[in-house]
Amino acid sequence: MIDLLKDLWGFMRERKKFWLAPILVVLLLLGTLLVLTEGSVVAPFIYTLF
């Protein structure tokens, strides 16, 4: 996982694609939110947002 992040950072730094960083952070946060709320009572409310 760390190697993937290093490669991704190297790609963004070399190609000047820093605008990808906020998109990736938001995707990671949404994925984490969905995984953490999968079995909880909050899940139906989270799924209505999408």
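Residues numbered from 1 in each chain as written. Predicted model: local features only at pLDDT ≥ 70, side-chain atom pairs only at ≥ 80, totals over all residues. Heavy atoms only, no water.

### Focus: the environment of Leu24
Mapped onto the fold, Leu24 is located in helix H2 (residues 20-36). Sequence-distant contacts of Leu24, that is, excluding residues within four places in its chain, are made with Leu8 and Met12. (Helix = DSSP H or I, 4+ residues; strand = E, 2+ residues; numbered from the N terminus. Contact = heavy atoms within 4.5 Å.)

### Some details on the packing of helix H1 (residues 2-15) against H2
One can describe the packing of H1 onto H2 by two numbers: an axis separation of 11 Å at closest approach and a directional angle of 150°. Judged by the inter-axis angle, H1 sits roughly antiparallel to H2. For the pair formed by H1 and H2, the contact residues are Leu8, Phe11 and Met12 on the first element and Leu20, Ala21 and Leu24 on the second. Its residues assigned to classes, the contact of H1 with H2 comprises 6 nonpolar, no polar and no charged. (Axes fitted to C-alpha atoms, helices over the stretch in contact; angles between N-to-C directions. Parallel < 35°, antiparallel > 145°, perpendicular 65-115°, else oblique. Nonpolar A, V, L, I, M, F, W, Y, C, P; charged D, E, K, R; others polar.)

### Here we look at the packing of aromatic side chains
Under the definition given, this model contains 1 aromatic pair. Consider the rings of Trp9 and Phe18, whose centres lie 5.7 Å apart with planes at 55°: the pair is tilted. (Phe/Tyr/Trp six-rings, centres within 6.5 Å; stacked < 30°, edge-to-face > 60°.)

### Observations concerning H1
When the terminal C-alpha atoms of H1 are compared, their 20 Å separation across 14 residues agrees well with the 20 Å that a helix rising 1.5 Å per residue should span. Counting buried positions along H1 yields 1 of 14 residues, so the element is predominantly exposed. Positive backbone phi, approximately 55°, marks Lys16, located one or two places after H1. (Expected span 1.5 Å × (residues − 1). Buried < 20%, exposed > 50% of the residue type's maximum accessible area, 1.4 Å probe, protein only.)

### A closer look at the confidence of the model for the chain
Scored by pLDDT, the chain has a mean of 84; 98% of the residues are at 70 or more. H1 holds the highest mean pLDDT among the elements of the chain, 90, whereas helix H3 (residues 43-49) holds the lowest, 72. (pLDDT = per-residue confidence, 0-100.)

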